[in-house]
Amino acid sequence: MPLYGASVEYALHTLLNLALAPPGTAPSARDLADFQRLPVPFVQKLLTQLEKAGLVTGAEGIRGGWRMARAADAITVLDVADAAKGDDALFKCRNIRARCALWDDASPPQAAVSGVCSIHAVMLSAEAAMRRELAAHTLADIVRRVADKSSAAFPAVAASWFDDRSANRRSSASAGVDRG
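Worth saying up front: this structure is predicted, and the values here are computed from it rather than measured. (Residues numbered from 1 in each chain as written. Predicted model: local features only at pLDDT ≥ 70, side-chain atom pairs only at ≥ 80, totals over all residues. Heavy atoms only, no water.)

It is not clear to me how the overall build of the chain should be interpreted in this structure. Could you clarify?
When its secondary structure is counted, the chain shows 8 helices and 2 strands. For 180 residues, the compact-globule estimate of 2.2 N^0.38 gives 16 Å, and the chain exceeds it by more than 25% at 22 Å. With the C-alpha coordinates of the chain rotated into their principal frame, the extents come out at 80 × 35 × 25 Å. The proportion of buried residues among the 180 residues of the chain is 32%. Sequence-distant contacts, at least 24 apart, represent 67% of the contacts inside the chain between residues at least 6 apart. As displayed, the chain offers around 10800 Å² of accessible surface, 56% of which is attributable to carbon and sulfur atoms. Averaged over its 21 positive side-chain charges, the chain has a centre that lies 2 Å from the centre of its 19 negative ones. (Helix = DSSP H or I, 4+ residues; strand = E, 2+ residues; numbered from the N terminus. Rg over C-alpha atoms; globule rule 2.2 N^0.38 Å. Buried < 20%, exposed > 50% of the residue type's maximum accessible area, 1.4 Å probe, protein only. Contact = heavy atoms within 4.5 Å. Areas by Shrake-Rupley, 256 points an atom, 1.4 Å probe, with all protein chains shown as cover. Lys, Arg positive; Asp, Glu negative; His and termini not counted. Charge placed at Lys NZ, Arg CZ, Asp CG, Glu CD.)

Okay, structure coming up:
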């Protein structure tokens, strides 16, 4: 099972899509889910996790929706991964060294149970390196990379899509239509 799975990937995409939304709009959870073709409850859960981490803010009502709580260059990939995944460690030491067949389980030698296990030390170092790398990249970096790979029209098309959805929510509400 991957350490950083689908929830981290979808959280990063959700924030990327919020960054693509035009200024002044606040996409709804439904807008963000529809844009990614994901179930609305899944995106709502992600947004709640991102909100608890201080990465997005939500507002209810016709002008409500979701906005980034910080600028894209102030949100690291590590921030998003921690928000979506929680604080699970890369490695959970089971202290196997204390259960070696060479000694009685009730009284392993002090060297077998003191200090950080050598294997655990390597895993802690790997986790620290991974966290440093994730912290070195921001959402703004990803936005730039996507822009570099996309057609020149893509940012405008994506912004227009969110703008149209926002306008449709407002016009439907003023006409008394409930769009859920």
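Still more ground to cover, so stick around.
Quick question: what am I supposed to make of unusual backbone geometry here?
Phi is mostly negative for residues that are not glycine, and the peptide bonds are mostly trans. Positive phi outside glycine occurs at arginine 37, with the angle close to 55°. You can see arginine 37 is positioned in the loop between α2 (29-36) and α3 (40-52). Overall, the relative accessible area of 78% leaves arginine 37 in the exposed class.

Explanation requested: the pattern of salt bridges in the structure shown.
If charged atoms from side chains of opposite charge come close, those side chains can pair. Counting across every chain of the model gives 5 salt bridges. Between aspartate 31 and arginine 165 there is a salt bridge, and its shortest N-O distance comes to 3.1 Å. Placement of the pair is aspartate 31 in helix α2 and arginine 165 in helix α8 (residues 154-174), with a sequence separation of 134 residues. Of the two residues, aspartate 31 and arginine 165, both sit in the buried class. (Salt bridge = Lys/Arg side-chain N within 4 Å of Asp/Glu carboxyl O.)

Would you explain the environment of threonine 14 in this entry?
Residue position: threonine 14 is located in helix α1 (residues 6-20). Considered as a pair, threonine 14 and leucine 50 are 36 residues apart in the sequence and their alpha carbons are 9.8 Å apart. Each residue touching threonine 14, except ones within four places of it in the same chain, is listed here: Leu32, Gln36, Leu46 and Leu47.

When you look at the nonpolar core in this model, what are you seeing that I'm missing?
The tendency in soluble globular proteins is for nonpolar side chains to be buried as a group. Membership of the largest hydrophobic core comes to 31 residues, with the highest contact counts inside it found for Leu15, Leu50 and Val80. Looking at this core, the elements that each hand over two or more residues are α1, α2, α3, α4 (77-85) and α7 (139-149). Apart from residues no more than four positions distant in its own chain, valine 80 is found in contact with Val8, Ala11, Leu12, Leu15, Leu50, Leu55 and Ile75. (Core = buried A, V, L, I, M, F, W, Y, C linked by side-chain atoms within 4.5 Å.)

For this particular structure, what's the right way to read the packing of α1 against α2?
Packed helices, taken two at a time, are described by the angle between their axes plus the distance between the axes. Taken N-terminus to C-terminus, the directions of α1 and α2 make an angle of 110°; their axes are 10 Å apart at the nearest point. Here α1 is positioned roughly perpendicular relative to α2, judged by the angle of their axes. By crossing handedness, the relation of α1 to α2 is classed as right-handed. Only Leu32, Phe35 and Gln36 of α2 make contact with α1, whose side of the interface consists of Tyr10, His13, Thr14, Asn17 and Leu18. (Axes fitted to C-alpha atoms, helices over the stretch in contact; angles between N-to-C directions. Parallel < 35°, antiparallel > 145°, perpendicular 65-115°, else oblique. Left-handed = near helix turned anticlockwise from the far one by under 90°.)

Got a minute to help me understand the packing of aromatic side chains in this structure?
Two aromatic rings, taken as a pair, are described by how far apart their centres are and by the angle between their planes. Per the counting criterion, the structure on display carries 4 aromatic pairs. Both rings, one in phenylalanine 35 and one in phenylalanine 162, keep their centres 4.7 Å apart while their planes meet at 40°; by these two values the pair is tilted. In this pair, phenylalanine 35 is assigned in helix α2 and phenylalanine 162 in helix α8, connecting sequence segments 127 residues apart. Their ring planes at 85° and their centres at 5.1 Å tell us that tryptophan 161 and phenylalanine 162 sit as a pair that is edge-to-face. The class of phenylalanine 162 is buried, set by a relative accessible area of 2%. (Phe/Tyr/Trp six-rings, centres within 6.5 Å; stacked < 30°, edge-to-face > 60°.)

Sorry if this is basic, but what is going on with the pairing of strand β1 (residues 56-59) here?
Sheet topology note: the β1/strand β2 (residues 65-68) ladder contains 4 bridges and is antiparallel. Its bridge partner lying in β2, glycine 58 is registered against tryptophan 66. (Pairing = 2+ DSSP bridges.)

Such coordinate-based values are descriptive only and should not be taken to indicate function.
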